[in-house]
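Here are the chains, one letter per residue:
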Amino acid sequence: MKSLGKFGDFGGVFVPETLMPALEELEKTFLKLKNDKKFNYEFNELLRKYAGRPTPLTFCQNLSKKFGCKIYLKREDLLHTGAHKINNAIGQALLAKSIGKTRLIAETGAGQHGVAVATAAAKLGLKCEIYMGAIDIRRQKLNVHRMKLLGAKVNPVTTGGKTLKDAINDALRDWTANVENTHYLLGSVLGPHPYPTMIAYFQSIIGKETKKQLLEAERKLPDVIVACVGGGSNAIGIFKEFIPSNRVKLVGVEAGGLGIASGKHAARFSDKKTGRLGIIHGTKTLVLQDKYGQILNTHSISAGLDYSAVGPEHAFLRRAKRSEYTYATDKECIQAFQLLSREEGIIPALESAHAVAYIIKNTSKLKNKLVVINLSGRGDKDMDTAVKALKLK
Ligand SMILES: *Cc1c(COP(=O)(O)O)cnc(C)c1O
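As the structure is a prediction and not an experimental result, all values here were calculated from the model. (Residues numbered from 1 in each chain as written. Predicted model: local features only at pLDDT ≥ 70, side-chain atom pairs only at ≥ 80, totals over all residues. Heavy atoms only, no water.)

In this section: the sheet that holds strand β4 (residues 70–75). Here six strands make up an open sheet; going across it, the order is β3-β4-β14-β9-β10-β13 and the pairing mixed. The open sheet is flanked by β3 (57–59) and β13 (323–329), the only strands paired with a single partner. On average, each strand axis in the sheet is inclined to that of its neighbour by 25°, with strand direction left out of account. Sheet analysis places strand β9 (residues 224–228) next to strand β10 (residues 249–257), joined by five bridges and oriented parallel. Bridged to C228 within β10 is V253. (Pairing = 2+ DSSP bridges. Helix = DSSP H or I, 4+ residues; strand = E, 2+ residues; numbered from the N terminus. Axes fitted to C-alpha atoms, helices over the stretch in contact; angles between N-to-C directions.)

Spelled out as structure tokens, the structure:
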């Protein structure tokens, strides 16, 4: 490999020998196509004419007045399939097709990434198989139907805990056996190099647009950018363009679940006791683990933030003190979900509502500041969960 894909102490390539040729080919292809005019033209055309870019930057008049600061939302919720995930799915699908792969495979937890991949596969004429935990299949029927309608095969995973972690293991096994015609389309800035770098590249369009739109609207850069952090792809996507601008504060919000002390959360940074350096799915990063190094189960009201590890670049940015991380609990998330719906007429994904909660929790710090929240997705998928949590009739 040209690069080891290290972010300081984090990242890298920790995989069995059998996967190395596939990762080497992927790195070579990515480095070539990243600077290829035709590839970037096709990628941007698909983003514009199929996915719905550029997404608007919406000023929140009512919320701004309420909190005494200027709040803008980057509207990734308006994209095709309902979240930022389609940016990465289209980028990698196009890359796979460019090198003659005919089949995409992917893991999915709640099914959102599976739907994005199945969509990109349908659009680009590629075969598609999705690995999904048997328990998740039962919990997320609607997304399973969507994937099948889009022409994908959904493979139930019955090993281990029968959820996301096990689905990734099965997808990696499939890839090892079928690397000749198959691309593994990973969903967030996780996994071995080149995935974290490549996915950050495909998502960096979010920050590039935000900068241009905000300069047009306000003639200056934001004071604070806030994004929720599962694996960390929507956050890196909006952060990237602003990393060199030291004055812009970058804040990631993790899932605080039932509270840090409860142990039922996905707060890799905020829980100092269990969030420690470890290796998972090919990368070295912060992982929630017990004192024997066993990966801990996570909990969040939002499925998209419910993962035991965080992308290695986030671990690096935090150590370098360039970004900071906090959390919002399930309760605070639901409160923010309701607030944005009522004040601005926008129903956010529960994941994105974690970022909105930051504003409620830090009102005094944000007085007169210019704030951008990355609204990573829309809340249609979360209606059942929200109605139950709010005890609405
Ligand atoms: C999947 C998802 C996330 C979490 O993924 P990241 O890689 O951390 O961005 C956040 N928001 C929405 C709407 C999602 O669907």
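The subject of this paragraph is the site of the ligand. Residues in close proximity to the ligand total 16 residues, the closest being K85, S188, G230, G232 and S233. Note that an oxygen atom of the ligand is positioned 2.8 Å from one of the backbone N or O atoms of G230. The separation between an oxygen atom of the ligand and a polar main-chain atom of G232 is 2.7 Å. Coverage of the ligand by the protein amounts to 96% of the 390 Å² it exposes when considered alone. (Near = heavy atom within 4 Å. Polar contact = N/O pair within 3.5 Å; in protein donor to acceptor, adjacent residues only side chain to side chain. Areas by Shrake-Rupley, 256 points an atom, 1.4 Å probe, with all protein chains shown as cover.)

Viewed as axis vectors pointing N to C, helix α5 (residues 112–124) and helix α7 (residues 141–149) meet at an angle of 10°, and their least axial separation amounts to 9 Å. Considering their axes alone, α5 and α7 lie roughly parallel with respect to each other. Where α5 approaches α7, its residues Q112, G114, V115 and A118 are matched on the opposing element by N143, R146 and M147. For the contact of α5 with α7, a count of residues per class yields three nonpolar, three polar and one charged. (Parallel < 35°, antiparallel > 145°, perpendicular 65-115°, else oblique. Contact = heavy atoms within 4.5 Å. Nonpolar A, V, L, I, M, F, W, Y, C, P; charged D, E, K, R; others polar.)

Note that the residue after R53, namely P54, is joined by a cis bond; omega there is -10°. Structurally, P54 can be placed in the loop between α2 (37–51) and β3. A cis geometry characterises the amide bond from H193 onward to P194, with omega recorded as 10°. Despite not being glycine, K162 has its phi angle at roughly 60°, a positive value. Examined against the element boundaries, K162 turns out to sit in the loop between β7 (153–157) and α8 (164–178). For K162, a relative accessible area of 32% translates into the label partly exposed. (Buried < 20%, exposed > 50% of the residue type's maximum accessible area, 1.4 Å probe, protein only.)

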